[in-house]
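Examination of the molecular architecture
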Amino acid sequence: MENLSRKEIEELIKENLTNNPSPEMLKKLKQLAMSKNVKIGALRKRFCRKCYSLFPINSEIRIKKGIKNIRCKKCGYVTRYKIK
Ligand SMILES: [Zn+2]
């Protein structure tokens, strides 16, 4: 997968997201995207940063004072996003 263009990586990511990727696959895709400077955008909110569990199945979402807290049910890691 190392010789893919940025465009191809983006396509690969989109394809995989609709396909319930495993944590291993997500990790691979993220590393690939990072190595090529591909912006993964919305993908970042689709899985746990720590254990790569797929969201929203494995997450709990709480919204507090304009901040969205997404807690991973698998490892307990909390990701925070500002809501515009
Ligand atoms: Zn996690």
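Residues numbered from 1 in each chain as written. Predicted model: local features only at pLDDT ≥ 70, side-chain atom pairs only at ≥ 80, totals over all residues.

1. Here's the deal with the overall build of the protein
Helix and strand counts for the protein come out as 2 helices and 3 strands. When the helices and strands of the protein are read in sequence order from the N terminus, they spell out α-α-β-β-β. For the protein, the spread of C-alpha atoms along the three principal axes comes to 45 × 25 × 20 Å. Of all 84 residues assigned to the protein, the portion counted as buried reaches 13%. Contacts in the protein between residues at least 24 apart in sequence constitute 36% of all its contacts with a sequence separation of at least 6. (Helix = DSSP H or I, 4+ residues; strand = E, 2+ residues; numbered from the N terminus. Buried ≥ 20, exposed ≤ 12 C-beta atoms within 10 Å, placed from the backbone. Contact = placed C-beta atoms within 7 Å.)

2. Here we look at the environment of Leu 4
Within the secondary structure, Leu 4 sits in the segment before helix H1 (6-17). When the C-alpha atoms of Leu 4 and Lys 36 are compared, they prove to be 8.9 Å apart, with 32 residues separating the residues in sequence. Setting aside its immediate chain neighbours within four residues, Leu 4 contacts Ile 9 and Leu 12.

3. Comments concerning the nonpolar core
With 9 residues, the main nonpolar core is built from Ile 13, Leu 26, Leu 29, Ala 33, Val 38, Phe 47, Cys 48, Tyr 52 and Cys 72. The dominant element in this core, judged by the number of residues it contributes, is helix H2 (residues 23-35), at 3 residues. When we break this core down by domain, the ones giving at least three residues each are domain 1 (1-46) and domain 2 (48-84). With residues up to four places along the chain from it excluded, the contact list for Val 38 reads Arg 6, Ile 9, Glu 10 and Ala 33. (Core = buried A, V, L, I, M, F, W, Y, C linked by C-beta atoms within 7 Å. Domains from an automatic or database assignment.)

4. Notes on H2
Here H2 is 13 residues long and its end C-alpha atoms lie 18 Å apart, about the 18 Å a rise of 1.5 Å per residue gives. Within H2, burial applies to Leu 26, Leu 29 and Ala 33. Taken around the axis of H2, the buried residues stretch over an arc of 65 degrees, which confines them to a single face. Of the residues in H2, the exposed ones pointing more than 90 degrees away from the buried face are Glu 24, Gln 31, Met 34 and Ser 35. Just downstream of H2, Asn 37 is the residue with a positive phi angle, here 60 degrees. (Expected span 1.5 Å × (residues − 1). Arc of directions from axis to C-beta.)

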